[in-house]
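Each chain, letter by letter, is given below.
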Amino acid sequence: MRPLLVRTRLDLDAGLAAHRAVGARIALVPTMGALHEGHAALLRRAGDEAALVVASIFVNPTQFGPGEDLDRYPRQLAADVDLCARAGADVVFAPEVDAVYPEGPGRGITVDPGAYGRVLEGASRPDHFSGVLTVVAKLSGLVRPDVAVFGEKDYQQLVLVTALARDLCLRLRVVGVPTVRADDGLALSSRNAYLDPAGRRAAAALSRALTAGVQHQRSGAASVHAAAERVLARTPGVDVDYLGVTDPALAPAPESGPARLLVAARVGDTRLIDNTALLLGG
Ligand code: AMP
């Protein structure tokens, strides 16, 4: 079935009214569009969680810093609606900027992401997570979902959105979905479209570095870091922004137990991120 495409708050409310009236559970999958199989996995998971699946498609201006790719970010609504149909979305909410930011982007009340919003991605992109959490709070207010589904691909975002829902008492359950990858391991991303063939080959080093890290997990965080670093260092064209091992909540890595390895790198002028779960120690 084709999803209902709505562009305004009024049409969104009209589209959801019948479901709200009977108390049907609603799942929200926030995206910026240029959808791929990673997004499809989120939408399918959302369908397992709720009677009604809403995909939002909104290139959120406040999560882009000066000089980032806001203007060239790929926009392809018709193809996105097709993918939403295949992946079982019931409603596609694709608002204009004014519908989300009637006060104007960057004005009005914003969300402070706290200390874990200032490390890793947050250290490189200072206002990024404030923008992300502000738009997630707004979309939650507009859609009023019971569940929101996010990808582990953006692991720090998943951790922070989970904290947002908890700390601001949003009555929203946040569900994480494992990263969907291409055959060579590269995490699917809308930004992969920026890569030329040589860049695409170089980009596969990120997931190879993560795999090398996992292979050293029994020896602890320092070995994991060193192994991943070796892979990145020997790949020309990959300029590492950060490589870090943390605990699952982004605090310093433990000696043993669950942990996370996170990487960000530039390939040409494309910035890519990836991460993997670890189990440190013997
Ligand atoms: P984006 O459109 O890039 O803002 O991503 C929207 C949602 O899709 C976020 O929750 C991402 O973490 C998730 N996502 C993006 N790429 C992938 C992927 N390769 N696998 C799983 N989820 C993904």
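A brief report on the enclosed structure follows. Sequence positions are assigned chain by chain, starting from 1 and proceeding in written order. This being a predicted model, a pLDDT of at least 70 is required before a residue's local features are given, and a value of 80 or more before pairs of side-chain atoms are given or counted; all residues contribute to the totals for chains, interfaces and linings. In computing side-chain values, all of the structure's heavy atoms are included and hydrogens and water are not.

## A closer look at the packing of aromatic side chains
Part 1 of the argument: Whether two aromatic rings pair depends on their centres lying within 6.5 Å, for rings of Phe, Tyr and Trp, where Trp uses its six-membered ring; planes under 30 degrees apart make the pair stacked, over 60 edge-to-face, and the rest tilted. Summed over the entire model, instances satisfying the criterion amount to two aromatic pairs.
Part 2 of the argument: Ring centres 5.9 Å apart and planes at 75 degrees place the aromatic pair Phe 64 and Tyr 73 in the edge-to-face group. For the residue pair Phe 64 and Tyr 73, the accessibility class agrees, reading buried in each case.
Part 3 of the argument: To sit over a ring, a charge needs its Lys NZ or Arg CZ within 6 Å of the ring centre and within 35 degrees of the ring normal. It is Arg 72 that lies over the ring of Tyr 194; its NZ or CZ is 3.8 Å from the centre. A simple rule labels every residue: compare its accessible area, found with a 1.4 Å probe on the protein chains alone, to the largest value its type can have, and call it buried under 20%, exposed over 50%, or partly exposed in between.

## A short note on the nonpolar core
Part 1 of the argument: Buried Ala, Val, Leu, Ile, Met, Phe, Trp, Tyr and Cys residues that are joined via side-chain atoms within 4.5 Å together make up what is termed a nonpolar core. Leu 12, Leu 16, Val 54, Phe 93 and Val 143 are the most contacted members of the largest nonpolar core, which has 30 residues in total.
Part 2 of the argument: Numbering of helices and strands starts at the N terminus; helices are DSSP runs of H or I of at least 4 residues and strands are runs of E of at least 2. Listing elements by their share of this core, those giving two or more residues are helix H1 (9–21), strand E2 (26–31), strand E3 (52–57), strand E4 (91–93), helix H6 (128–143), strand E5 (147–151) and helix H7 (155–167).
Part 3 of the argument: With eight residues, the top contributor of residues to this core is H6.
Part 4 of the argument: If near-sequence neighbours (up to four positions away) are discounted, Leu 16 is found in contact with Ile 26, Leu 52, Val 54, Val 91 and Val 143. We call two residues contacting when some pair of their heavy atoms lies within 4.5 Å.

## With respect to helix H3 (residues 77–86)
Part 1 of the argument: Within H3, the full set of buried residues consists of Asp 80, Val 81, Leu 83, Cys 84 and Ala 85.
Part 2 of the argument: Along its buried surface, H3 packs onto strand E1 (4–6), helix H2 (37–49), E3 and E4.
Part 3 of the argument: Gly 88 occupies a position one or two residues after H3 and carries a positive phi of about 90 degrees.

## Description of the site of the ligand
Part 1 of the argument: Every one of the 17 residues lining the ligand counts as a neighbour, but Met 32, Gly 151, Asp 154, Val 180 and Leu 188 are closest to it.
Part 2 of the argument: Met 32 is positioned such that a nitrogen or oxygen atom in its backbone is 2.9 Å from an oxygen atom of the ligand.
Part 3 of the argument: Think of a polar contact as two N or O atoms within 3.5 Å of one another; within protein, one of them needs to be a possible hydrogen donor and the other a possible acceptor, and neighboring residues in sequence only count if both atoms come from side chains. Between a nitrogen atom of the ligand and a main-chain N or O atom of Leu 188, the distance comes to 2.8 Å.
Part 4 of the argument: With residues, only the protein chains shown are counted as cover, and all accessible areas are computed by Shrake-Rupley using a 1.4 Å probe. In isolation the ligand has 480 Å² of accessible area, and contact with the protein removes 92% of it.
Part 5 of the argument: Those elements giving two or more residues to the shell around the ligand turn out to be E2, H2 and E5.
Part 6 of the argument: Residue type decides the class: Asp, Glu, Lys and Arg count as charged, Ala, Val, Leu, Ile, Met, Phe, Trp, Tyr, Cys and Pro as nonpolar, and the leftover types, Gly among them, as polar. Among the residues forming the shell around the ligand, the class breakdown is eight nonpolar, seven polar and two charged. Throughout, the term near means that a residue has one or more heavy atoms lying within 4 Å of the molecule or strand in question.

## Brief notes about unusual backbone geometry
Part 1 of the argument: In this structure, Leu 120 takes a positive phi of about 50 degrees despite not being glycine.
Part 2 of the argument: A positive phi angle is found at Arg 171, which is not glycine, with a value near 55 degrees.
Part 3 of the argument: Counting through the fold element by element, Arg 171 comes out in the loop between H7 and strand E6 (173–177).

## Quick look at the pattern of salt bridges
Part 1 of the argument: Each salt bridge in this description consists of a side-chain nitrogen of Lys or Arg and a carboxyl oxygen of Asp or Glu lying within 4 Å of one another. Summed over the entire model, instances satisfying the criterion amount to 19 salt bridges.
Part 2 of the argument: Put simply, Asp 69 and Arg 191 hold a salt bridge, and the shortest N to O gap is 2.7 Å. Remark: Arg 191 occurs in the loop between E6 and helix H8 (197–215) and Asp 69 occurs in the loop between E3 and H3; sequence separation between them is 122 residues. Arg 191 matches Asp 69 in its accessibility class, with the two residues each being buried.
Part 3 of the argument: Arg 181 is the partner of Asp 274 in a salt bridge, and the nearest nitrogen-oxygen pair spans 2.8 Å. Separated by 93 residues along the polypeptide, Asp 274 in strand E9 (residues 270–280) and Arg 181 in the loop between E6 and H8 bring together distant segments of the chain.
Part 4 of the argument: On the basis of relative accessibility, which here comes to 32%, the residue Arg 181 falls in the partly exposed class.
Part 5 of the argument: A single salt-bridge network, built from bridges that share partners, covers Glu 68, Glu 121, Arg 125, Asp 241 and Arg 271.

## Re the pairing of E5
Part 1 of the argument: For E5, the buried fraction is high: five of the five residues fall into the buried class.
Part 2 of the argument: Residue alternation in E5 divides its side chains into two sets, Val 147, Val 149 and Gly 151 and Ala 148 and Phe 150, and both sets are buried.
Part 3 of the argument: Whether two strands pair depends on DSSP finding at least two bridges between them. Pairing analysis gives two bridges linking E2 to E5, with the strands arranged parallel. The partner of Ala 27 across the bridge, within E5, is Val 147.
Part 4 of the argument: Note that E5 and E6 share five bridges and pair parallel. Across the sheet, residue Val 147 finds its bridge partner in E6, namely Arg 173.

## Notes on helix H9 (residues 221–233)
Part 1 of the argument: Any helix carries an expected span of 1.5 Å times its number of residues minus one. Given a rise of 1.5 Å per residue, 13 residues ought to cover 18 Å, and the 18 Å separating the end C-alpha atoms of H9 matches this to within 8%.
Part 2 of the argument: Regarding H9, the residues found buried are Val 224, Ala 227, Ala 228, Val 231 and Leu 232. When H9 is viewed along its axis, its buried side chains cluster within an angular range of 135 degrees and face the same direction. In H9, the exposed positions angled more than 90 degrees off the buried face are occupied by Ala 222 and Ala 233.
Part 3 of the argument: As for H9, its buried residues are in contact with H8, strand E7 (238–246), strand E8 (257–267) and E9. Directions drawn from the helix axis to the C-beta atoms are what define this arc.

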